[in-house]
Each structure stands twice: as C-alpha cells, then as structure tokens.
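Results of the structural survey
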Protein chains: 2
Amino acid sequence: MKQTLLLAAIALAAVSVNAQVVEDFKPATTNQEGKQYPMVNSQRMVRAQISAPEATSVKLDIGGVKYDMVKDENGVWTGESAPQDEGFHYYQLNIDGASVPDPGSKYYYGASRWGSGIDIPAADEDFYTVKNVPQGSVNEVYYYSTVTEKMRHCYIYLPAAYRENPDKKFPVLYLQHGMGENETGWSAQGKTGIIMDNLIAAGKAVPFIIVMDNGLNARPANMPEGQPAFGMGPRPQGGQPGQGRPQGGAPGQGGQRRPRGGFGGFGGFNAFQDVLLKDIIPMVEKNYRVIADTEHRAMAGLSMGGMQTRSITMANPTTFAYVGMFSGGTFRAEDLKDAADFKKTNKVLFMSCGGKENMGVDKAAEDLKAIGINAYSYVSPETAHEWQTWRRSLYQFAQLIFK
Amino acid sequence: MKQTLLLAAIALAAVSVNAQVVEDFKPATTNQEGKQYPMVNSQRMVRAQISAPEATSVKLDIGGVKYDMVKDENGVWTGESAPQDEGFHYYQLNIDGASVPDPGSKYYYGASRWGSGIDIPAADEDFYTVKNVPQGSVNEVYYYSTVTEKMRHCYIYLPAAYRENPDKKFPVLYLQHGMGENETGWSAQGKTGIIMDNLIAAGKAVPFIIVMDNGLNARPANMPEGQPAFGMGPRPQGGQPGQGRPQGGAPGQGGQRRPRGGFGGFGGFNAFQDVLLKDIIPMVEKNYRVIADTEHRAMAGLSMGGMQTRSITMANPTTFAYVGMFSGGTFRAEDLKDAADFKKTNKVLFMSCGGKENMGVDKAAEDLKAIGINAYSYVSPETAHEWQTWRRSLYQFAQLIFK
C-alpha cells in the first residue's frame, strides 16, 4: 500500500514535470561531435536518450537524483532531469543497474572517474567561450619527481605573450583541482586557457603562466602504500591547527564534494606540498621563462585544492605573494594575526564560494582586512560546489594578481 | 532447432575457450586510475567486468566480435575475448542492447566516437613507454581559420630541444589521423610525444616539431553543409587519377576501417588541403621557431590521413620534402614517373602497413626506387589496420627524416 502510494506520487510528479517542459531542447555544447543527445532546454532541464532495446530500466543520474527514462516502440529511452544550475555538471546513465557514461557526451575526470559531463548554458558564458583573440596554449608535460621517484604529468598554460616576447619572463600561478579530480580538470572543465586568453586580450589580466598538476597522487617513494599520507607529511613546519578541513564558515559549508577525511588513501593530501616545492616549482623555474621570486608566484585551488593552498601557503609564508581559495573554506584571522611573514609577504588573499554554498567568505574577508590583510571575497551567484563557481572564481582572481 | 544447435555450438565454444584461459590477468595500462577491469592476460585475452544486477545480457564488443559475459550471484558480469593483437584497440560494452563505454577504461576518439580503448602489452612497448629522458611537450592550441571562418583546434609537439635552445629553429612534420578519428588521436592513442622524446634521447631522430590537426572538419565557409566536399575542392591542380582511395595493393588492402567513400559528409577530405596550406602551415610558421622551407617540411598520415598526404603532396610537389603514408595504400610509380617537381623535391617517400593488411608497400617501394625515388617500406609484424601499426610506422619514419 505504501509502495503503491509512493509510485502514484512519483507518477503524478512525472506528469506535473512533463506538463511544464518547454520544447526548445538543443544539443549540449559538451556533446561528442555530431551527437544530438543529451540536450538542454531554456529551463536548464537535461534530456538524455539512448537505444537499449532489451533493457527494463534506464535512468538519467545527475545532481544526485536518478530520473526514470521512458522506452519507445523502437527500444529508445528518453528522459529529462529537473532544472539544473548554470554551468558544468558530472552525470551518468544507469542501464538495468549498470552505471555507465552516456555515449553522447564528452568525458571528464571528476568524482574519481572519467565519465559524462554536461555544460548548461549560462548568462555569463561569454567569458569562457573560445574567441578569435591572441591564443596561448595548454601544454601537456611529463617530468621526473624526486619525491615520488616516478614520472609525473601536468598541464602548463602559456599566454600568447610568452610566445610573442621570447625574451620576457612571466609570473606563475600554481592552480589545484578538487577531491576526486585530477590535473586535467582546470583545463577541460575549468576552461582555464580560454578564460585567460579572453581576460588578457581584454586587458583585464596581465599575462602569466598557470601550472595545473595532480594534488592527490603525490605519495613519497619512502611511504608504504597502506600508510595514510594525510597531515603535513615529512615536513614538520606546517602543522597548523585544523588544516585539511574547511574552516570559518557556517554549518553546511563545503558542499556535496567536500572531502570527508581519508585523503591518505590517495597518496597524500599534503604530501603534495613536497612535490610542489621540491619538484614542480623547480621544474617550472628551470624549463620556462619565469620570474622566480615570491612576488611573482601565486597559489590557488578549488575545494581540496583550496585547503591545500591554505596549508601550504601558511606553512611556507614567504613562497607565494598571491593566494586563492575557491570553495575550500576560509582563512581565519585568528590563525593569521600573528603570522608576520605571511602578512608581510601576502599581496592578495582571495576566498570564494558558490551562492548555494555557505562558506562565510565575506565575513572572513572583513576579519582579515581588520588585521591588515588585503583580503577579497567573491560569491558566485546561484551556483553550488561545482565548476561554474570555480570558472568564475578564476576569472575574478586572475584580475587581482601580479598587478 | 537451428537456434538450439547454434546455442549449443556457442556454449561449446565458450567452454573450449574457457578451458584454455591462463589466469594471469592484470589491469590494462589504459584503465582509469584505480580500476581493476578490464584486464589482459599473457594470451592477450581481454577480460571485462561490470556490475549490472538487473541486466539480462551483457557483452564485450571488441575487434568486431561480441563476447557474451556471465552474471554472478551479486549481479556482476564477467567475460573474456579471444586473444587480441598487440597494441591499442577500441572496444565497448553492450548492456541489454545499449552500446556504451566501459566505465573501467580511459576514453579515446575513434570509430567516430569517444569511447573505450585498451592497450594490449607488446614485446616492443619500450619505445612508447614514458621514461626519465628530456621531455618535450604536447601543446593544445586554438587558431582562427580563414578557410572555415571558425576557430580550429590542434596539438603541437615541441621537442625538449625547442625549449633548451631558445634561438634555434626546427623542422616540422604535419601528421594526420585516420577516418573516424580526430586531432587527439596521434597524441593519445599514437603516443607521439613519448615516441619522439625516446627517439631523440637515444639519438635516433633529430628534434623536430609535429603538428597534429583535424583532417575531417575542414569544410570551407562558402560550401553549403549538404554539398559533398570530396575531391580536391576549390584547388584544381590536384586532380590526380584515383586519389582518395588506396592504390597499388593487392585485393583486401585497407583493413576494416578503410574509408568507403562518403568523405564529403565530414566537411571535406581534401578541403583539408586548403586549411593546411592557407591556415595551419602559416600559423605554425608564424608562431613557432620553424625552418620554413621545403627541405624542413614533412607530411605523413595514417589510413585516410595517408591518402590525404599522397594527394596533397602530389598536388603541391615542392611544399614537402618528406612524405609518409601509413596504412593508406601506396604511391604508384606510374603516377610519379613524370612528376619532375615531386622527384626533384622528395628526399624520403615512406610507405607502411600492418602485417595483417596487404597493401603491397614493399613492391611499391621497389617500383619507386626504380624510377629514382628514395622510397622506403615498412610492414609492422602481426598487426592489422590499428594503432600499433601506426606507432611503429611513426617510430620508423621519424628516424628517416630531416637528416
């Protein structure tokens, strides 16, 4: 009886959703070439479609909800989601219990897997749209790590000016992804290169290099696989209280992908500090035309990458002059008020989050200003713990640094 | 009755295959981080696995054959393929009639879709394994095309020497993918950057730049969508007889992914010639330190890209000094014997194919040598019309050029 009522309620809900669907669906910009589905309409609903003639149940799994799809006489299943936020979302299909990528979408690394992603058109998408402006490049690079004793892999954005001015040296931003993501995220989902080329062409940002590396696979060669690498690892000077989780916000901060302990299984949340300082920065400063001083070095990251940024910049206060923390909690004034080196070195401390998160970035920035830090906050309108928040955060942060 | 016999035959075949399976399966190198399946054993059989509790039929679809998988009591399906050739293969899963990517693998663009790929260990895999040698980089670049009046997208390999010698200029190879593939293929499946870094470090190849662009989406801005763009397009000088299909080989040449007409639907098989000559080469010679003359310019491609190479280099005989055609058929001596400019300009003409293809490259090279062309042939042992053939072809070709 209970089940019947529930089913009836679901059926009613489905009817009521369908009654409101505006039939102006268009293929998503994140689709594979020539693929019609998935589509998005002006209500920001996602419509998926897949041929599965022998299946008994197919669902569209997006935003934490599984939406039933409906089979037609040809065995083709179609279904819509509720309206989604503007910007990028990971999703998948579920076919008779198997969770699989949608063959219509391009694939992205997030939620600890390569899988489907979809971009919902946004009012401000112009800032991350490819335009005929001077183009930099995103360079795929392998390098040897003395810490992990393995070859590692990263992406390096070089602005057009790097190529055009062969004698000039440039500042560098080290930019980190979130939990369950990797070094491909900032370029693919984040659209880093496109955002920067547009900003620089518009004169809103100065040209700088951006290094996007993997913040999770930094397990030192001398650390056994089973041992958690969480904490500051072998570097004792970084033991700030509370590091490794977002701070300073109201309850509920951090959103759905906020790390819940257990970083160690990935080979080191803060083991990354060692790789960054001993391998990545030296490699970049050796191989590229870089102004290798504190005032021309920035670090930022999203979610877990923001937390890494906080702990690494606090533990190494004279290494980076610009610091950005996107959806990673906040810096607390009480932790920085006596941090003389940090306060003397830091030129910009930027904290952001989505409007649907509640991380207290505005209040935190006020508190930090009160102790003499040049703090900024930014809240991305109507977005959650997702890439649209972070694209916008990069867009804001990039305009503040190296000026 | 017929069906029962067929099912019995299949069951027997399955038993007979299983009886021979060597249980030394290991996760494929092309798997997503942390994913155990798919696996490969020493017999080069692929074992796939997926949880699909409600499914009634799950198949592993590889090498043109769909292998039935078997469900266990937890709803997890497992199954093996017959032994595969060494090297890279596209594949997919089929769940109750739906063809989908395997959530365990990384994804590659081929067969006109982003989907699963698997690398079967090869005796010679050392040449495409990442090593701690001086590393070049593969650069993702957008640029404006005057032909298509759109932004285009390509990848450019720069050797380590490009970075290390900031005043030096370098030769360039323009390297094209096959039908159903795109500009990502040579770097991802082909492992171009890794092969080149290893070759250069070993002193077997001179450092040169490689440009990998899209040979299929080159439809000119003034050509309507519906109109086939096949043939030489607006450039009349290139009308060699028989262009656009492999020539000179025995029956059966070309393998399973050999293009079968209809290039036009993709916006121009040879419309690409215009984009190459008017957009790509000028962009590369403007933005990179390039020796911009015939003797330092090469073109090569695989399958359709090899055919494009043949037609473009024959139509523009003084543009490229080095020419490579991998699994794309052959150049015919009768077409080149009176081609004075081509013969005077060409320094190496390389033709290759897989040992399981039959493209007559050895005979063709002999015929070309007889008319005074410095022709080379290469047959990749025990491989078909697939990426292992082309990795090996690049490895061979790269050692012959710009010397």
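Residues numbered from 1 in each chain as written. Chains lettered and ligands numbered in written order. Predicted model: local features only at pLDDT ≥ 70, side-chain atom pairs only at ≥ 80, totals over all residues. Heavy atoms only, no water.

A closer look at the overall build of chain A
Scanning chain A for helices and strands turns up 10 helices and 19 strands. Counting all 403 residues of chain A, 58% fall into the buried class. Within chain A, counting contacts between residues at least 6 apart in sequence, those at least 24 apart form 71% of the total. On chain A, roughly 15700 Å² of surface is accessible, and the fraction owed to carbon and sulfur atoms is 52%. (Helix = DSSP H or I, 4+ residues; strand = E, 2+ residues; numbered from the N terminus. Buried < 20%, exposed > 50% of the residue type's maximum accessible area, 1.4 Å probe, protein only. Contact = heavy atoms within 4.5 Å. Areas by Shrake-Rupley, 256 points an atom, 1.4 Å probe, with all protein chains shown as cover.)

Observations regarding the interface of chain A and chain B
Each partner contributes to the interface: chain A provides 44 residues, whereas chain B provides 44 residues. Summing both sides of the interface, chain A and chain B together bury roughly 3400 Å²; the carbon and sulfur share of this comes to 56%. The tally of links from chain A across to chain B stands at zero salt bridges. On the surface where chain A and chain B come into contact, there are eight residue pairs in polar contact (both at pLDDT 80 or more). For the side of chain A that touches chain B, the secondary structure elements donating two or more residues are β3 (46-51), β9 (98-100), β10 (107-110), β11 (113-120) and β12 (137-145) of chain A. Here the side of chain A that touches chain B gets seven residues from one element, more than from any other, and that element is β12 of chain A. Considered class by class, the residues forming the side of chain A that touches chain B number 20 nonpolar, 15 polar and nine charged. One ladder, built from five bridges, connects β12 of chain A with strand β12 (residues 137-145) of chain B; its direction is antiparallel. Pairing of Ser-137 of chain A across the sheet is with Val-141 of chain B, part of β12 of chain B. (Buried area = accessible area lost by both parts, 1.4 Å probe. Salt bridge = Lys/Arg side-chain N within 4 Å of Asp/Glu carboxyl O. Polar contact = N/O pair within 3.5 Å; in protein donor to acceptor, adjacent residues only side chain to side chain. Nonpolar A, V, L, I, M, F, W, Y, C, P; charged D, E, K, R; others polar. Pairing = 2+ DSSP bridges.)

A look at the pattern of salt bridges
A full pass over the atoms with the stated rule returns 26 salt bridges over all chains. Put simply, Asp-213 of chain A and Arg-152 of chain A hold a salt bridge, and the shortest N to O gap is 2.6 Å. Of the two residues, Asp-213 of chain A sits in the loop between β15 (209-212) and α5 (271-287) while Arg-152 of chain A sits in strand β13 (residues 150-158), which places them 61 residues apart along the sequence. On the basis of relative accessible area, Asp-213 of chain A is assigned to the buried category, the value being 1%. A salt bridge links Arg-392 of chain B to Asp-124 of chain B, with the nearest nitrogen and oxygen atoms 2.7 Å apart. In this pair, Arg-392 of chain B is assigned in helix α10 (residues 387-398) and Asp-124 of chain B in the loop between β11 (113-120) and β12, connecting sequence segments 268 residues apart. By relative accessible area, which is 24% here, Asp-124 of chain B ends up partly exposed. Beyond isolated ion pairs, a larger network of salt bridges with shared partners links Glu-23, Arg-47 and Glu-80 of chain A.

Quick look at unusual backbone geometry
Note that the residue after Tyr-37 of chain A, namely Pro-38 of chain A, is joined by a cis bond; omega there is 0°. Of note, Pro-38 of chain A is situated in the loop between β1 (26-27) and β2 (39-40). Even without a glycine there, the phi angle at Ser-327 of chain A is positive, about 50°. Mapping Ser-327 of chain A onto the fold places it in the loop between β17 (322-326) and α7 (333-336). The phi angle at Lys-191 of chain B is positive, at roughly 60°, despite the residue not being glycine. As for its position among the elements, Lys-191 of chain B is in the loop between α3 (185-188) and α4 (192-201).

Points about the pairing of β12 of chain A
All names here are of chain A. The buried fraction of β12 amounts to seven of the nine residues, a majority that puts the element mostly inside the structure. Alignment of β12 against β13, held across nine bridges, turns out to be antiparallel. Within β13, the residue paired with Val-138 across the bridge is Tyr-157.

Thoughts on the pairing of β15 of chain A
All names here are of chain A. Where burial is concerned, the two faces of β15 agree: the one with Ile-209 and Val-211 and the one with Ile-210 and Met-212 are both buried. Examined bridge by bridge, β13 and β15 share three bridges and lie antiparallel to one another. Its bridge partner being in β15, Ile-156 is matched across the sheet by Val-211. Bridging between strand β14 (residues 172-176) and β15 involves three bridges; their strand directions are parallel. Pairing of Tyr-174 across the sheet is with Val-211, part of β15.

Brief notes about the packing of helix α4 (residues 192-201) of chain A against helix α10 (residues 387-398) of chain A
Residues and elements named next belong to chain A. Interhelical geometry of α4 versus α10 gives an angle of 35° and a closest axis separation of 10 Å. Once α4 is placed against α10, the crossing between them reads as right-handed. Of the residues in α10, those in contact with Thr-192, Ile-195, Met-196 and Leu-199 of α4 are Arg-391, Leu-394, Tyr-395 and Ala-398. Of the residues contributing to the contact of α4 with α10, the split by class is six nonpolar, one polar and one charged. (Axes fitted to C-alpha atoms, helices over the stretch in contact; angles between N-to-C directions. Left-handed = near helix turned anticlockwise from the far one by under 90°.)

So, the sheet that holds strand β2 (residues 39-40) of chain B
All names here are of chain B. Across the sheet, five strands lie side by side as β1-β2-β3-β7-β6; this open sheet has antiparallel pairing. Two strands bound the open sheet, and with one partner strand each, they are β1 (26-27) and β6 (70-71). Bridge analysis of strand β3 (residues 46-51) against strand β7 (residues 76-80) gives five bridges, and the strand direction is antiparallel. Bridge pairing in β7 links Arg-47 to Glu-80.

Topic: the packing of aromatic side chains
All names here are of chain A. As enumerated under the stated definition, the model contains 35 aromatic pairs over all chains in all. Measuring from centroid to centroid gives 5.6 Å for Tyr-162 and Phe-170, while their planes differ by 45°, and the two rings are tilted. With relative accessibility at 1%, the residue Phe-170 sits in the buried group. Ring plane angle 80° and centroid distance 5.3 Å describe the contact between Trp-387 and Trp-390, whose orientation is recorded as edge-to-face. (Phe/Tyr/Trp six-rings, centres within 6.5 Å; stacked < 30°, edge-to-face > 60°.)

Some details on the relation of the copies chain A and chain B
Each copy superposes on the other: chain A lies on chain B with an RMSD of 0.0 Å after a rotation of 180° and an axial shift of 0.0 Å. In short, the pair behaves as if placed about a two-fold rotation axis. Among all residues of chain A, the minimum C-alpha distance to the rotation axis is found for Asn-139 of chain A, at 2.1 Å. (Least-squares fit on C-alpha atoms with pLDDT ≥ 70 in both.)

Section: the environment of Arg-47 of chain B
Within the secondary structure, Arg-47 of chain B sits in strand β3. A distance of 2.6 Å separates the side chain of Arg-47 of chain B from the side chain of Glu-80 of chain B, its partner in a polar contact.

Thoughts on α10 of chain B
All names here are of chain B. Given a rise of 1.5 Å per residue, 12 residues ought to cover 16 Å, and the 16 Å separating the end C-alpha atoms of α10 matches this to within 8%. Within α10, 11 of the 12 residues are buried, leaving the element largely enclosed by the surrounding structure. Taken as a whole, α10 has its buried residues at Trp-387, Gln-388, Thr-389, Trp-390, Arg-391, Arg-392, Ser-393, Leu-394, Tyr-395, Phe-397 and Ala-398. (Expected span 1.5 Å × (residues − 1).)

With respect to the environment of Leu-175 of chain B
Residue and element names in this part refer to chain B. Along the chain, Leu-175 falls in strand β14 (residues 172-176). For Leu-175, a relative accessible area of 0% puts it in the buried group. As a C-alpha pair, Leu-175 and Ala-202 span 27 residues in sequence and 22 Å in three-dimensional space. Discounting residues that sit within four places of it in the chain, Leu-175 has contacts with Trp-186, Thr-192, Ile-210, Val-211, Met-212, Asp-213, Ala-300, Gly-301, Phe-326 and Leu-394.

Some words on the side chain of Asn-182 of chain A
If you trace the backbone, Asn-182 of chain A turns up in the loop between β14 and α3 (185-188). The class of Asn-182 of chain A is buried, set by a relative accessible area of 4%. A distance of 2.6 Å separates the side chain of Asn-182 of chain A from the side chain of Thr-184 of chain A, its partner in a polar contact. Once you skip the residues sitting within four places of it in the chain, Asn-182 of chain A turns out to touch Tyr-109, Trp-114, His-177 and Asn-214 of chain A together with Glu-33 of chain B.

A word on the confidence of the model for chain A
Residues and elements named next belong to chain A. When pLDDT is averaged along chain A, the result is 88; 84% of the residues meet or exceed 70. Counted against residues more than four places away or in other chains, residues 6-16, with its pLDDT under 50, gives zero contacts. Here residues 227-267 is modelled with pLDDT under 50, and outside its nearest four sequence neighbours on either side it reaches 101 contacts, counting other chains as well. If you check the scores for this complex, the pTM reads 0.87 and the ipTM reads 0.86. (pLDDT = per-residue confidence, 0-100.)

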